[in-house]
Amino acid sequence: TNAVTATELTKTYGTGDTRVSALRGVSLAVPSGQFLAIMGPSGSGKSTLLHCLAGLDRATSGQVRINDEELGGLRDGRLTRLRRDAVGFVFQSFNLLPTLSAAENILLPLRLAGRRPDREWLDRVIDLLGLADRMHHRPNQLSGGQQQRVAVARALITRPAVVFADEPTGNLDSRSGAEVLSLLRASVRELGQTVVMVTHDPKAASYADQVVFLADGVIVDRLTHPTPETVL
Ligand code: ADP
Ligand code: ADP
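Residues numbered from 1 in each chain as written. Chains lettered and ligands numbered in written order. Predicted model: local features only at pLDDT ≥ 70, side-chain atom pairs only at ≥ 80, totals over all residues. Heavy atoms only, no water.

The chain appears in an unreviewed UniProt entry as ABC transporter ATP-binding protein from Cryptosporangium phraense.

This is the structure in structure tokens:
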């Protein structure tokens, strides 16, 4: 079964002379438990696609399904709940709350949703994260790579249908970036997580099971079982 599907997705910004077609008919499917990377040059529509897939933005036409729920048919309130319950996010800039400890940051999505932590899931996520001795540190006491790994754990904590990551290694050196990618990869392998990541880094994309290449709002190439060499 597919965790996410997009069918003939289009997205147009603006009207008249300022009209920009950011997506011009994009279809893709991410099987549950797989890792998809979206690549392409700047302005090709990667962020727009990620935002439409994640329900952060509504497509102009076409369909997005997360766990067989069609996002276009949902009212705003229902879409907000789906984002909260079924989707996890990792941003380029970590976005941890500075006054909270690592552990408090990780638990925050559950608190906001009024949910109790599932002890077993929590233990598995913390175990995978491998920062047990840093759980009471605040973000500014952690390295960039450690902060982003905490952000990945925070995205996983609600056991979402999909984790979306927008250039998660964009602000990191290659070693820290590799640690973040290994954690995302491990979440797929060990937890069966579904991950969708935007990146312009071929090495990052090589951690995925599947890569789609965007240019001018359309998919121009697809690759399965990428390696750093084949992605280039
Ligand atoms: P990428 O993430 O690959 O850099 P984007 O999805 O950010 O590409 O942008 C795709 C196209 O849509 C670009 O031409 C960009 O300028 C345009 N675009 C993106 N967001 C908006 C917006 N909010 N309003 C108008 N144009 C936008
Ligand atoms: P990225 O592609 O790394 O997310 P961008 O600088 O392309 O960063 O976009 C940052 C924000 O600005 C996004 O929310 C995007 O939708 C918006 N944006 C991008 N291009 C335009 C544009 N031409 N007009 C208005 N908003 C834009």
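There is more to say after this.
Caption draft 1: Inspection of the overall build of the chain at higher detail. Check the secondary structure of the chain and you find eight helices and 10 strands. On C-alpha atoms alone, the chain measures out to a radius of gyration of 17 Å, which is about the 17 Å that the 2.2 N^0.38 rule sets for 232 residues. Its C-alpha atoms give the chain principal-axis dimensions of roughly 55 × 45 × 35 Å. Contacts in the chain between residues at least 24 apart in sequence constitute 69% of all its contacts with a sequence separation of at least 6. Accessible surface, the chain as shown: approximately 11,100 Å² in total, 47% of it carbon and sulfur. Averaging the coordinates of the 26 positive side-chain charges in the chain and doing the same for the 24 negative ones gives two points 5 Å apart. (Helix = DSSP H or I, 4+ residues; strand = E, 2+ residues; numbered from the N terminus. Rg over C-alpha atoms; globule rule 2.2 N^0.38 Å. Contact = heavy atoms within 4.5 Å. Areas by Shrake-Rupley, 256 points an atom, 1.4 Å probe, with all protein chains shown as cover. Lys, Arg positive; Asp, Glu negative; His and termini not counted. Charge placed at Lys NZ, Arg CZ, Asp CG, Glu CD.)

Caption draft 2: Highlighting the site of ligand 1. The immediate surroundings of ligand 1 are formed by Tyr13, Val20, Ala22, Pro41, Ser42, Gly43, Ser44, Gly45, Lys46, Ser47 and Thr48. When the free accessible area of ligand 1 is taken as 550 Å², the share hidden by the protein chains comes to 58%. Residue assignment for the shell around ligand 1 shows that the elements contributing at least two residues are strand S2 (20–31) and helix H1 (46–53). Among the residues forming the shell around ligand 1, the class breakdown is four nonpolar, six polar and one charged. (Near = heavy atom within 4 Å. Nonpolar A, V, L, I, M, F, W, Y, C, P; charged D, E, K, R; others polar.)

Caption draft 3: H1, seen in detail. Judged by how many residues are buried, H1 sits mostly within the fold: six of eight residues are covered. Note on H1: the residue one or two positions beyond its end, Gly55, has a positive phi of about 75°. (Buried < 20%, exposed > 50% of the residue type's maximum accessible area, 1.4 Å probe, protein only.)

Caption draft 4: Region of the structure containing the side chain of Thr169. Tracing the backbone through its elements, the reader meets Thr169 in the loop between strand S7 (162–166) and helix H6 (174–191). Classification of Thr169 as buried rests on a relative accessible area of 10%. Not counting residues within four places of it along the chain, the set of residues in contact with Thr169 comprises Gly177, Leu181 and Ala204.

Caption draft 5: The arrangement of the sheet that holds strand S6 (residues 87–90) in detail. Spatially, S6-S7-S8-S3-S9-S10 is the arrangement adopted by the six strands of the open sheet, whose pairing is mixed. Strands with a single pairing partner mark the edges of an open sheet, and in this sheet they are S6 and strand S10 (218–224). With direction set aside, neighbouring strand axes in the sheet form an average angle of 20°. Sheet analysis places S6 next to S7, joined by four bridges and oriented parallel. (Pairing = 2+ DSSP bridges. Axes fitted to C-alpha atoms, helices over the stretch in contact; angles between N-to-C directions.)

Caption draft 6: Broad picture of the confidence of the model for the chain. Scored by pLDDT, the chain has a mean of 95; 100% of the residues are at 70 or more. Here the prediction assigns the complex a pTM of 0.90, and the interface score ipTM is 0.74. (pLDDT = per-residue confidence, 0-100.)

Caption draft 7: Spotlight on the sheet that holds strand S5 (residues 69–70). Spatially, four strands are ordered S2-S1-S4-S5 in an open sheet, and the strand pairing comes out antiparallel. This sheet does not close on itself; its edge strands, each paired only once, are S2 and S5. Sheet topology places strand S1 (residues 2–13) next to S2; nine bridges connect them, and they run antiparallel. Following the sheet pairing, Leu9 is matched in S2 by Val26. Relative to S1, H1 is tilted by about 125°, and along the sheet it contacts S1, S2 and strand S4 (61–66).

Caption draft 8: Here's a closer look at the layout of surface pockets. In this model, the largest pocket occupies a volume close to 340 Å³. Lining the largest pocket are 14 residues, with Val87, Phe89, Pro109, Leu112 and Arg154 sitting closest to its centre. At the level of elements, helix H2 (76–86), S6, helix H3 (102–112) and helix H5 (144–156) are the ones that each hand at least two residues to the lining of the largest pocket. Looking at the lining of the largest pocket residue by residue, the class counts come to eight nonpolar, three polar and three charged. The computed volume of the second largest pocket comes to approximately 160 Å³. (1 Å grid on protein atoms, 1.4 Å probe; cavity = no way out; pocket = protein on both sides within 12 Å on 5 of 7 lines; lining within 4 Å. Points joined across faces, edges and corners; volume = space filled by probe spheres on them.)

Caption draft 9: Quick look at the packing of aromatic side chains. On inspection of all chains with the given rule, the structure shows two aromatic pairs. On the numbers, 6.0 Å between centres and 20° between planes, the contact of Phe89 with Phe91 is stacked. The exposure class assigned to Phe89 is buried, which follows from its relative accessible area of 18%. Grouping aromatic residues by their ring pairs yields a cluster made of Phe89, Phe91 and Phe164. (Phe/Tyr/Trp six-rings, centres within 6.5 Å; stacked < 30°, edge-to-face > 60°.)

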